[in-house]
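If you want the building blocks of each chain, they are given just below.
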Amino acid sequence: MNTSSAHAETAVQSAMGFEWSEKLLTGDARMDHTHQEFADQLAVLLATPPAEQLPLYEAFVAHTVAHFAQEDRWMLATGFTESNCHSDQHAMVLETMQAVVKHYQLGETDIINRMGEALGEWFGQHAQSMDAGLAQHLQSVGFDSATETLADPAAIRNVTVSGCGSVSCS
Ligand SMILES: [Fe+2]
Ligand SMILES: [Fe+2]
């Protein structure tokens, strides 16, 4: 294979697929493990022919429900208000992901690929901003995400976060 065709192949792969990168690490081991699973499932989904994607996509949506619920739970446990822009973004993304199933069943069989590619772009940005900010917040208040406990519950007595913590909501 010559160099230009190797480059062309790489470009096609990156347009159609999704790859995990160390840049996505947030520093919270449990969050990073969940993110790695998200990335692996997304990569497999995008490498699967459209006709066979639905069961994989449904499992991916179920994993995302648990992924987002886990972060929302940690936010509530560490001083975030129930309505905060990170949780709102989770709810919005999940609603769009769930709506895709119906469109696929009605014959729009390329929609899972389109959603998967959009999610790949969204996730990179989300992990590096809101999720990384949350990981930093958990660490600063002494929250252990493995056991979901606070070293000192008094640490969040005066903490109320209604935005996104240390990151912007844009
Ligand atoms: Fe996340
Ligand atoms: Fe998140």
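These remarks concern the structure in this document.

The rules behind the values
Residues numbered from 1 in each chain as written. Chains lettered and ligands numbered in written order. Predicted model: local features only at pLDDT ≥ 70, side-chain atom pairs only at ≥ 80, totals over all residues. Helix = DSSP H or I, 4+ residues; strand = E, 2+ residues; numbered from the N terminus. Buried ≥ 20, exposed ≤ 12 C-beta atoms within 10 Å, placed from the backbone. Contact = placed C-beta atoms within 7 Å. Expected span 1.5 Å × (residues − 1). Arc of directions from axis to C-beta. Axes fitted to C-alpha atoms, helices over the stretch in contact; angles between N-to-C directions. Parallel < 35°, antiparallel > 145°, perpendicular 65-115°, else oblique. Left-handed = near helix turned anticlockwise from the far one by under 90°. Nonpolar A, V, L, I, M, F, W, Y, C, P; charged D, E, K, R; others polar. Core = buried A, V, L, I, M, F, W, Y, C linked by C-beta atoms within 7 Å.

## Observations concerning the overall build of the protein chain
- Across its full length, the protein chain carries five helices and two strands.
- Each helix and strand of the protein chain, placed in order from N terminus to C terminus, yields the pattern α-α-α-α-α-β-β.
- With 170 residues in all, the protein chain has 22% of them scored as buried.
- Across the protein chain, the fraction of contacts at a sequence separation of at least 24, relative to all contacts at a separation of at least 6, is 71%.

## What about helix H4 (residues 85-105)?
- With 21 residues, H4 should reach 30 Å at 1.5 Å per residue; the first-to-last C-alpha distance of 31 Å fits that figure.
- Restricting attention to buried positions, one finds in H4 the residues His86, Ser87, His90 and Met97. Across the axial projection of H4, the buried residues extend over an arc of 95 degrees, all falling on one side. The exposed set on the far side of H4, more than 90 degrees from its buried face, consists of Asp88, Ala91, Met92, Glu95, Ala99 and Lys102.
- Where H4 is buried, its residues touch helix H3 (53-77) and helix H5 (111-141).
- With its phi angle positive at about 110 degrees, Gly107 sits one or two positions after the end of H4.

## Topic: the packing of H3 against H5
- The geometry of H3 relative to H5 is characterised by a closest axis approach of 13 Å and an angle of 20 degrees between their N-to-C directions. Considered as vectors, H3 and H5 are oriented roughly parallel to each other. The two elements H3 and H5 cross, and the hand of that crossing is left-handed. Each of Gln53, Tyr57, Glu71, Trp74 and Met75 in H3 lies in contact with H5, whose residues at this interface are Ile112, Leu134 and Leu138.
- A breakdown of the residues in the contact of H3 with H5 according to their chemical character gives six nonpolar, one polar and one charged.

## Looking at the packing of helix H2 (residues 29-46) against H5
- One way to put it is that H2 packs onto H5 with a least axis distance of 10 Å and a crossing angle of 170 degrees. Taken together, the axis directions place H2 and H5 in an arrangement best described as roughly antiparallel. Considering how the two elements wind past one another, H2 and H5 form a crossing that is left-handed. Of the residues in H5, those touching H2 at Met31, His35, Phe38, Leu42, Leu45 and Leu46 are Ile112, Asn113, Gly116, Leu119, Gly120, Phe123, Ala127, Asp131 and Ala135.

## Some remarks on the nonpolar core
- Counting 11 residues, the largest nonpolar core consists of Phe18, Phe38, Leu42, Leu45, Tyr57, Phe60, Met97, Ile111, Ile112, Met115 and Leu119.
- Of all the secondary structure elements, the ones that give two or more residues to this core are H2, H3 and H5.
- It is H5 that contributes the most residues to this core, four residues altogether.
- Filtering out sequence-adjacent residues up to four positions away, Phe60 remains in contact with Gln41, Leu42 and Leu45.
- Within the second largest apolar cluster, nine residues are counted, among which are Met31, Met75, Phe80 and Phe143.

## Focus on the environment of Tyr57
- Considering the arrangement of structural elements, one finds Tyr57 in helix H3.
- For the pair Tyr57 and Val101, spaced 44 residues apart in sequence, the C-alpha to C-alpha distance is 8.3 Å.

## Here's the deal with H2
- Under the 1.5 Å per step criterion, the end-to-end length of H2 is 26 Å for 18 residues, consistent within 8% with the ideal 26 Å.
- Along H2, the residues classified as buried are Met31, Thr34, His35, Phe38, Leu42 and Leu45. The arc enclosing the buried residues of H2, seen along the axis, measures out at 100 degrees, which places them on a common side. Those residues of H2 that are exposed and aimed more than 90 degrees away from the buried face are Ala29 and His33.
- Tucked into the core, H2 has its buried residues touching H3 and H5.

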